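Descriptive structure summary
Listed below, chain by chain, are the residues.
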Amino acid sequence: MSDLSSRGNTQVSEVIENTIAFVKEELHNAEGGHDWFHIERVYKNALLIAKNEKVNTTVVALGALLHDIADSKFHDGDETVGPTKARAFLETQNISEEHIVHIVKIIENISFKGGNKTQDFSSHELDVVQDADRLDALGAIGIARTFNYGGFKNRKLYDPAIKPVLHMTPSEYKASTAPTINHFYEKLLLLKDKMNTQTGRSIAEERHVFMENFLQQFYAEWEGKK
């Protein structure tokens, strides 16, 4: 099969268009925080970050587009569904095995999983896609997605008696049913210091401050102070 880096712009564009169509179809009924629009934002963020990195932009683009093709949260925790589905699709696109493996590895290693799972794969392309995905968990959209998922799972907004649990194992993180506010401390506020690229860090700083201000306002309203 052909190498992505050696293919013409028209061929690459066709693969990207095919992938977009595939993802839109697969996620047409997805939960609002993990739907096509989430994928589109991650895709755009990934391309933005990639401008300042030495990476294969086509691998970045396909990794971003396919990173949540079957999120394990919506498949009974099965983390093999997404990579398997992505590989099956990519094999229809006349892409080299080397690049398919790379893209699948990105999908397998992108997730936060409590922040304590050691990645068994690394690449600059993974760094870029991971930063792009994490940026979509920050700022105004990150807040919106968090509460959307909390509502989807019928979780409490906040319960002062239930404290955040830091340093969870991947299995503990996956099984958590904590109130939505806890998720800020268990994941969102940790992401700023886990960014891989300078562009990602710069954007994350601003979004992090926005979330801190939101929490300050939230607690003030909760206590009836504002």
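Notes on the overall build of the protein
Helix and strand counts for the protein stand at 10 helices and 0 strands. When its helices and strands are written in sequence order, the protein yields α-α-α-α-α-α-α-α-α-α. For 226 residues, the compact-globule estimate of 2.2 N^0.38 gives 17 Å, and the protein sits close to it at 18 Å. Every one of the 226 residues in the protein was classed for burial, and the buried ones make up 48%. Across the protein, contacts joining residues at least 24 apart in sequence account for 67% of those joining residues at least 6 apart. If you sum the accessible surface of the protein, you get close to 11600 Å²; carbon and sulfur atoms cover 50% of it. The centroid of the 26 positive side-chain charges in the protein is displaced by 4 Å from the centroid of its 33 negative side-chain charges.

Let's talk about the confidence of the model for the protein
Taken over all residues, the pLDDT of the protein has a mean of 90, while the share at 70 or more is 92%. Highest mean pLDDT in the protein belongs to helix α10 (residues 198–222) (98); lowest belongs to helix α8 (residues 170–175) (82).

Some points on the pattern of salt bridges
Using the criterion set out here, one finds 7 salt bridges in the structure. For D136, the salt bridge identified is with R145, shortest N-O distance 3.6 Å. You can call R145 buried: its relative accessible area is 14%. Across the pair K192 and D193 runs a salt bridge, and its minimum N-O distance is 3.0 Å. Among the residues examined, D193 registers a relative accessible area of 61% and is labelled exposed.

Observations concerning unusual backbone geometry
Within the chain, N154 stands out as a residue other than glycine whose phi angle is a positive 60 degrees. For N154, the position within the fold is in the loop between α7 (139–152) and α8. Classification of N154 by relative accessible area gives exposed; the value is 71%.

Here's the deal with helix α6 (residues 124–135)
Taking 1.5 Å of rise per residue, the 12 residues of α6 would be expected to cover 16 Å, and the 17 Å separating its terminal C-alpha atoms lies within 8% of that figure. With 10 of 12 residues buried, α6 lies mostly within the body of the structure. If you check which residues of α6 are buried, you get E125, L126, V128, V129, Q130, D131, A132, D133, R134 and L135. The elements touched by buried residues of α6 are α2 (36–50), α3 (57–66), α5 (97–109) and α10.

Here's the deal with the side chain of T197
Structurally, T197 can be placed in the loop between α9 (180–186) and α10. Of the residues examined, T197 reaches a relative accessible area of 4% and is grouped as buried. A distance of 2.7 Å separates polar atoms of two side chains, one belonging to T197 and the other to D131. Setting aside chain neighbours within four positions, we find T197 in contact with I49, E53, D127, V128 and D131.

Observations regarding the packing of helix α1 (residues 9–26) against α2
The interhelical angle for the contact between α1 and α2, taken along N-to-C directions, is 150 degrees, at an axis separation of 10 Å. Compared by their axis directions, α1 and α2 come out roughly antiparallel. Remark: the crossing between α1 and α2 carries right-handed chirality. Facing α1, whose interface residues are I16, I20, V23 and K24, α2 presents W36, I39 and Y43. Taken together, the residues of the contact of α1 with α2 sort by class into 6 nonpolar, no polar and 1 charged.

Parameters and conventions
Residues numbered from 1 in each chain as written. Predicted model: local features only at pLDDT ≥ 70, side-chain atom pairs only at ≥ 80, totals over all residues. Heavy atoms only, no water. Helix = DSSP H or I, 4+ residues; strand = E, 2+ residues; numbered from the N terminus. Rg over C-alpha atoms; globule rule 2.2 N^0.38 Å. Buried < 20%, exposed > 50% of the residue type's maximum accessible area, 1.4 Å probe, protein only. Contact = heavy atoms within 4.5 Å. Areas by Shrake-Rupley, 256 points an atom, 1.4 Å probe, with all protein chains shown as cover. Lys, Arg positive; Asp, Glu negative; His and termini not counted. Charge placed at Lys NZ, Arg CZ, Asp CG, Glu CD. pLDDT = per-residue confidence, 0-100. Salt bridge = Lys/Arg side-chain N within 4 Å of Asp/Glu carboxyl O. Expected span 1.5 Å × (residues − 1). Polar contact = N/O pair within 3.5 Å; in protein donor to acceptor, adjacent residues only side chain to side chain. Axes fitted to C-alpha atoms, helices over the stretch in contact; angles between N-to-C directions. Parallel < 35°, antiparallel > 145°, perpendicular 65-115°, else oblique. Left-handed = near helix turned anticlockwise from the far one by under 90°. Nonpolar A, V, L, I, M, F, W, Y, C, P; charged D, E, K, R; others polar.

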